[in-house]
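# Analysis of the macromolecular model
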Amino acid sequence: MTDILHFEQDEQGIVTLTMDYPPTRNALTGSGLVDAFLDAFHRIQTEHTARVVIITAKGSVFSSGGSIDEMERQLRPEFNSAVLRHEYREGIQRLPLALHNLEVPTIAAINGHAIGAGFDLACMCDIRIASENAKMAESFVKLGIIPGDGGAWFLPRLVGPSRAAELALTGDTFSAQQALEWGIVSRVVPAESLMEEARSLAARIAVNPPESVRMAKRLLRESPFTRLDSHLEMCAAFQAIAHKSPQHAEAVEAFMASKRDKK
């Protein structure tokens, strides 16, 4: 798609988005990566052929987060608080909104250091798997700033308020194994097999009927914010659609045929 974000889609509908901007170690700000991601997400939403998205990076770093050069620029007197507030709204904050609203499931394949906004990018995804070499940190306070990209919204939903507070208020770096123990990632794998594992997981999702997968993802995303009765109403509506889908009819017929064959 671009020189800094490679877009690949295979015959199963698995899209792999690979960050590749060595000058800033895939910093999300000051690099064009946010716009590149938004273009990719727009393509995925409008073409309707993608079934799963993997987000990863080339090399030994997932993402260094925010660009230090960009932070230095923002220290200049002409960039007052009102200007910076607007920059965040029209800049990096578009990324969590677009990624959170993406209909297809997303997998972060964390190949190396995921720091600050880079760690938050992984937290925005539905599933995270990590290389054994990966290191992570919600490190904003180390630089005297806060998670301006929604990290303080995503992180407590993954690890609970106490652990999230510990990570955000210390800014400490932690290992992939610690991330596994805390439930941030679902598995840790050898570095050389990370993408093989990510694609295997994506394939197990992609083989399922895409519309039911999309609706199931929507239910999972909405569940923390809705009352049970409202959630069940959404389930009833989605299930009514799913019951009339050709894929459901085919699955029921295949099951009944198998049952008949066993008699």
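Each chain has its residues counted from 1, running along the sequence as written. Confidence filtering applies because this is a predicted model: local features only for residues at pLDDT of at least 70, side-chain atom pairs given and counted only at 80 or more, and all residues used for totals across whole chains, interfaces and linings. Heavy atoms from the whole structure form the basis of all side-chain values; hydrogens and water molecules are not counted.

### Quick look at unusual backbone geometry
- The phi torsion at Asn-26 lies on the positive side, around 60°, for a residue other than glycine.
- Strands here mean DSSP runs of E at least two residues long; helices mean DSSP runs of H or I at least four residues long; both are numbered from the N terminus. In this structure, Asn-26 sits in the loop between β2 (14-19) and α1 (33-47).
- Per-residue accessibility, obtained with a 1.4 Å probe over protein chains only, is compared with the maximum for each type, and a residue is labelled buried under 20%, exposed over 50%, and partly exposed between these values. Residue classification places Asn-26 among the buried residues on the basis of a relative accessible area of 3%.
- Backbone geometry places His-48, a non-glycine residue, at a positive phi of 60°.
- Mapped onto the elements, His-48 comes out in the loop between α1 and β3 (52-57).
- Looking at His-48, the relative accessible area reads 56%, which means it is exposed.

### Things to note about the pairing of β3
- In terms of residue burial, β3 counts as a mostly covered element, since 6 of its 6 residues are buried.
- The two faces of β3 match: Val-52, Ile-54 and Thr-56 on one face and Val-53, Ile-55 and Ala-57 on the other face are all buried.
- As judged from the 6 bridges shared by β2 and β3, these two strands associate in the parallel manner. When the bridges of β3 are listed, Thr-16 appears paired with Ile-54.
- For the handedness criterion, the strands are oriented away from the viewer, and a crossover whose path from the first strand over the helix to the second runs clockwise is classed as right-handed. As a crossover connection, the stretch from β2 through α1 into β3 is right-handed.
- Pairing analysis gives 3 bridges linking β3 to strand β5 (residues 106-110), with the strands arranged parallel. Bridging from a neighbouring strand, Ile-54 pairs with Ile-107 of β5. Note: two strands are recorded as paired if DSSP finds a minimum of 2 bridges between them.

### Section: the sheet that holds strand β9 (residues 173-175)
- Here we have 4 strands laid out as an open sheet, ordered β4-β6-β8-β9, and mixed in their pairing. Where the open sheet ends on each side, the last strands, each with one partner, are β4 (61-63) and β9. Shown here is a sheet whose adjacent strand axes are inclined to one another by a mean of 20°, direction ignored.
- When strand β6 (residues 113-115) meets strand β8 (residues 135-137), the two strands line up parallel, connected through 2 bridges. Within the sheet, the bridge partner assigned to Ile-115 lies in β8 and is Ala-137.
- Where helix α5 (residues 117-124) meets the sheet, it contacts β4, β6, β8 and β9, and its direction lies at approximately 95° from that of β6. Note on method: axes are straight lines fitted to C-alpha atoms, helices fitted across the in-contact stretch only, with angles between N-to-C directions ranging 0 to 180 degrees. Should any heavy atoms of two residues lie within 4.5 Å, those residues are counted as being in contact.

### Digging into the packing of aromatic side chains
- Centres within 6.5 Å make a pair out of two Phe, Tyr or Trp rings, where for Trp the six-membered ring is used; the pair is then stacked when the planes are under 30 degrees apart, edge-to-face when over 60, and tilted otherwise. Enumeration according to the criterion identifies 5 aromatic pairs in this entry.
- Residues Trp-153 and Phe-154 carry aromatic rings whose centres are separated by 5.0 Å and whose planes lie at 80° to one another, so their mutual orientation is edge-to-face.
- By relative accessible area, Phe-154 is classed as buried at 9%.
- When the centroid spacing of 5.2 Å and the interplanar angle of 55° are considered together, the rings of Phe-174 and Trp-182 count as tilted. In this structure, Phe-174 and Trp-182 share a single accessibility class: buried.
- Taken together through their ring pairs, the aromatic side chains of Phe-119, Phe-174 and Trp-182 make up a single cluster.
- We call a charge positioned above a ring when the Lys NZ or Arg CZ atom is no farther than 6 Å from the ring centre and deviates by at most 35 degrees from the ring normal. Of note, Arg-43 hangs over the ring of Phe-7, and the distance from its end group to the ring centre comes to 3.8 Å.
- Over the ring of Phe-79 we find Arg-73; its NZ or CZ atom is 4.6 Å from the centre of that ring.

Taken by themselves, the reported measurements are silent on function.
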